[in-house]
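Single-letter residue listing:
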Amino acid sequence: MSRIQKAFENKKAFIGFVTGGDPSLEKSLEFILTMESAGADLIEIGIPFSDPIAEGPVIQEANLRALAANTDTESIFRLVSMVREKSEVPLILLTYVNPVFKYGYEAFFAKCRETGVDGIIMPDLPFEEKNELAGIAESYGIDVISLIAPTSQERIQMIAKEAKGFLYVVSSMGVTGVRKEISVKLDEIMPQIRAASSIPAAVGFGVSSPEQAEKIAKQADGVIVGSAIVRIIEKHGANAAGPLYDYVKSMKEAITGK
Amino acid sequence: MDNEKKGRFGIHGGQYVPETLMNELILLEQQYEHYKKDPEFIREFETLLKEYAGRPSLLYYAEKMTKDLGGAKIYLKREDLNHTGAHKINNVLGQVLLAKKMGKTRVIAETGAGQHGVATATAAALLGLECEIFMGKEDTIRQALNVYRMELLGATVHSVTSGTQTLKDAVNEAMREWTNRVDDTHYVLGSVMGPHPFPMIVRDFQSVISEEAREQILAKEGKLPNAIIACVGGGSNAIGAFYHFIPDKEVALIGCEAAGHGVDTEKNAATIANGSLGIFHGMKSYFCQNKDGQIAPVYSISAGLDYPGIGPEHANLHDTRRATYVPVTDEEAVCAFEYLARTEGIICAIESAHAVAHARKIAPGMKKDEIIIICLSGRGDKDVAAIARYRGRKIDE
């Protein structure tokens, strides 16, 4: 059983996101381990990108901070190695496809396996284009995580059938960022996913409060939080570990009903 | 043609966009394939081009320039004479009409120099759609008059403050807005770039340039030209000017990229000269980027060419060597801008001046019975104040 599968075994998973290198690699390491100790079941690490078209202002700014700190693709792999020295928490890279393409698909996924990456999410790689790298990723044991959007409709079945690791259900239209209301109709989408696949489905985009998380967890297998975490890092900088711990703990408790 | 069906030009093109947009792109392709064969749509579109945009545009023999350079005969394809002053209107009328047929009530667009934004705002005003334009903050300063023009036409202009605050960032923001509100909104992409089907749709709507030019030159000269020269940012006027000449192997197709301060400096936007293969803004093509695939900040005096990529069909024309892409610096473009004004009494867009500059380089070495067609993609009113500043004259717009 893979680390990702274990994270969803008999429980609702909390998935936390940080942009690697924001504000520094060492701090990213500390924040990842802190989130794990507070109950995070999977960690997404963003590879900072110059033009993150699926991100709202909060994560755009985090990308800029990380790039300003000279974070490059190699340093993200160093971060993964550093985490792996201390933890078995499942690690998923979130990256636009260009940094992966530029690194070379073969070299990139080999490096993922070598350092201990479990999966990869590419917001600009839809179902129709995934075949140019899915086989390579699979040969190195890396799950390419597929996304389902509020507009996916009849595409859900096709996507869910070929999904690996877990399904990332995009909860809202637009870009990442904290929202008061979650627009996706989970009671319509989830049955379609369940009918097509037994793969776990986690919901993200706009989720920030324990109340939202609790509601989502009633239907989904996991809750993904990005911008709300990055906002804590933006606010507290190098001293974010304390507030991050408290936040992740409250979210994890909300989804597990404790 | 099989490749084109999958949205590919050789290895380039594709649909690298968030899942949220996929159904919309599929729908857009279906609707476009339907309407491009619909006699009613064709009639309305052709009427708009003829009665509203002023097509066909002139193919003008630049006799003084020809004599001055002493070589090939030079013709100018006068896209600058179109309504709104550039080739952009050709594509925009097609796309906004298509959007209306699709039941959309709102259009959004990115703009660099402002020409595409003005054209989109114009078509939206005419056809009764709501219009919002995304423009890099840097460009709203460089092209302040165009911002006001768009507002006069009833559009809302969003000043984009992310990234380099230029065309690339305007595209980012327009794509973000499209994922936010796709149901009632069509994204009027302004160049032959982005995800399939945009490079195909924009090229088809712009190909009227070469369709006319081919007929016009055959009528005037009884033979095909030796070279077509056009400026290239994303590459919409260039693909429009090239398209119907692509099968005529004897016609050289030359695209002029913005070399800014020079291809050996940090400050340029010459994608073919300096870029490498990548995936960005929905397409696989050549991009100015670093070793990690971070998109490079690019520079050109011309806001319309200040883009770090090139359309996928151009990338393929480069790979197959059917077209040649050459760098032209700011200084060469400004000199050509001044030269055309003095010699022919035509103030062209600084973008188009890149093509004029290259013609000045090669025409003298060509025979007198050889022919060059320059695509004069736009007029230069918008650039006059900036060129004055470049020459050290302080003129308020």
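Please read these numbers as outputs of a predicted model, since none were measured by experiment. (Residues numbered from 1 in each chain as written. Chains lettered and ligands numbered in written order. Predicted model: local features only at pLDDT ≥ 70, side-chain atom pairs only at ≥ 80, totals over all residues. Heavy atoms only, no water.)

## Some details on the interface of chain A and chain B
Between chain A and chain B, the residue contacts involve 36 residues of the former and 34 residues of the latter. A buried area of about 2,900 Å², summed over both sides, lies between chain A and chain B, and 49% of it is on carbon and sulfur atoms. The three residues of chain A that bury the most area against chain B are A:Asp51, A:Ile53 and A:Lys102, which together make up 21% of that side's buried surface. Applying the counting rule to chain A against chain B returns six salt bridges. We note a salt bridge from A:Arg155 to B:Glu19, for which the minimum N-O separation is 2.9 Å. Our count for the chain A to chain B interface comes out at 24 residue pairs in polar contact (both at pLDDT 80 or more). Contributing elements (two or more residues each) for the side of chain A that touches chain B: α3 (57-68), α5 (97-103), β5 (143-148) and α8 (155-161) of chain A. No other element matches α5(A), which puts five residues into the side of chain A that touches chain B. Of the residues contributing to the side of chain A that touches chain B, the split by class is 18 nonpolar, eight polar and ten charged. (Contact = heavy atoms within 4.5 Å. Buried area = accessible area lost by both parts, 1.4 Å probe. Salt bridge = Lys/Arg side-chain N within 4 Å of Asp/Glu carboxyl O. Polar contact = N/O pair within 3.5 Å; in protein donor to acceptor, adjacent residues only side chain to side chain. Helix = DSSP H or I, 4+ residues; strand = E, 2+ residues; numbered from the N terminus. Nonpolar A, V, L, I, M, F, W, Y, C, P; charged D, E, K, R; others polar.)

## What about the domain arrangement of chain B?
A common way to report how large an interface is uses the accessible area buried once the components associate. Residue and element names in this part refer to chain B. Domain boundaries in chain B define domain 1 (9-49 + 88-202) and domain 2 (54-85 + 207-390). Inter-centroid distance (C-alpha atoms) of domain 1 to domain 2 is 22 Å. Between domain 1 and domain 2, the buried area comes to about 3,100 Å², and carbon and sulfur atoms account for 59% of it. If you sort the residues of domain 1 by the area they bury against domain 2, His12, Tyr16 and Arg142 come out on top, with a joint share of 20%. At the junction of domain 1 and domain 2, the tally comes to zero salt bridges. At the boundary of domain 1 with domain 2, the tally comes to ten residue pairs in polar contact (both at pLDDT 80 or more). (Domains from an automatic or database assignment.)

## What to know about the sheet that holds strand β10 (residues 252-260) of chain B
All names here are of chain B. Strand order across the open sheet formed by six strands is β3-β4-β14-β9-β10-β13, with mixed pairing between neighbours. Each having just a single partner strand, β3 (59-61) and β13 (323-329) make up the two edges of the open sheet. Looking at each pair of strands side by side, their axes are set apart by 30° on average, direction ignored. Judged from the six bridges that link them, strand β4 (residues 73-78) and strand β14 (residues 371-376) form a sheet pairing that is parallel. In the strand pairing of β14, arginine 78 is matched with leucine 376. In the packing of helix α11 (residues 208-221) onto the sheet, the strands contacted are β3, β4 and β14, and the crossing angle to β4 comes to about 140°. Docked against the sheet, helix α15 (residues 330-344) engages β3, β4, β10, β13 and β14, running at close to 90° with respect to β13. (Pairing = 2+ DSSP bridges. Axes fitted to C-alpha atoms, helices over the stretch in contact; angles between N-to-C directions.)

## Here's the deal with the pairing of β14(B)
Side-chain direction in a regular strand flips from residue to residue, so the side chains alternate between the two faces of the sheet. Residues and elements named next belong to chain B. Taken across its six residues, β14 has six buried, putting it largely inside the fold. Side chains Ile371, Ile373 and Cys375 of β14 all project onto a buried face; the interleaved residues Ile372, Ile374 and Leu376 project onto the opposite face, where all are buried too. Inspection of the sheet shows strand β9 (residues 227-232) paired to β14 by three bridges, in the parallel sense. Paired with alanine 227 across the bridge in β14 is isoleucine 372. (Buried < 20%, exposed > 50% of the residue type's maximum accessible area, 1.4 Å probe, protein only.)

## Thoughts on the layout of surface pockets
With a probe scaled to a water molecule rolled over the atoms, the places where space remains empty come into view. Residue and element names in this part refer to chain B. Roughly 500 Å³ of internal volume is contained in the largest pocket. Lining the largest pocket are 19 residues, with Phe45, Glu46, Leu49, Val208 and Glu211 positioned closest to its centre. Among the elements of the structure, α3 (39-53), α10 (198-206) and α11 are those that each provide at least two residues to the lining of the largest pocket. The leading source of residues in the lining of the largest pocket is α3, at six residues. Per-class residue counts for the lining of the largest pocket are nine nonpolar, two polar and eight charged. (1 Å grid on protein atoms, 1.4 Å probe; cavity = no way out; pocket = protein on both sides within 12 Å on 5 of 7 lines; lining within 4 Å. Points joined across faces, edges and corners; volume = space filled by probe spheres on them.)

## So, the sheet that holds β5(A)
All names here are of chain A. With respect to topology, eight strands assemble into a closed barrel ordered β1-β2-β3-β4-β5-β6-β7-β8, the strand pairing being parallel. The average undirected angle you get between the axes of adjacent strands in this sheet is 30°. With five bridges joining them, strand β1 (residues 13-19) and strand β2 (residues 42-46) adopt parallel strand pairing. Looking at the pairing, isoleucine 15 lines up with leucine 42 of β2.

## A short note on the environment of B:Glu351
Residue and element names in this part refer to chain B. Tracing the sequence through the fold places glutamate 351 in helix α16 (residues 350-362). The exposure class of glutamate 351 is buried, given its relative accessible area of 7%. Filtering out sequence-adjacent residues up to four positions away, glutamate 351 remains in contact with Ala113, Cys231, Ser302, Ala303, Gly304, Leu305, Lys382 and Asp383. A distance of 3.0 Å separates polar atoms of two side chains, one belonging to glutamate 351 and the other to serine 302.

## Brief notes about the nonpolar core
Core analysis: the biggest nonpolar cluster contains 73 residues, and A:Leu93 and A:Phe109 have the highest contact counts within it. Those residues in contact with A:Leu93, other than ones at most four positions away along the chain, are A:Ile45, A:Ile47, A:Ile76, A:Phe77, A:Val80, A:Phe108, A:Cys112, A:Val117, A:Gly119, A:Ile120 and A:Ile121. In this structure, B:Ala124, B:Leu127, B:Phe198 and B:Ile201 belong to the second largest nonpolar core, which totals 63 residues. (Core = buried A, V, L, I, M, F, W, Y, C linked by side-chain atoms within 4.5 Å.)

## Points about a nonpolar patch on the surface
The grouping of B:Tyr148, B:Leu152 and B:Leu153 at the surface amounts to a nonpolar patch, some 320 Å² of accessible area in total. Owing to a relative accessible area of 32%, B:Leu153 belongs among the partly exposed residues under this scheme. (Patch = residues over 30% accessible without salt bridge, like charges linked within 9 Å, V, L, I, M, F, W, Y side chains within 5 Å. Areas by Shrake-Rupley, 256 points an atom, 1.4 Å probe, with all protein chains shown as cover.)

## Examining the pattern of salt bridges
Taken as a whole and judged by the stated rule, the model has 47 salt bridges over all chains. Between B:Glu331 and B:Arg391 there is a salt bridge, and its shortest N-O distance comes to 3.5 Å. Taken together, the residues B:Glu331 in helix α15 and B:Arg391 in the segment after α17 (384-390) connect sequence positions 60 residues apart. Take B:Arg391: its relative accessible area is 37%, and that puts it in the partly exposed class. One network of salt bridges, in which partners are shared, links A:Arg3, A:Arg84, A:Glu88 and A:Asp118.

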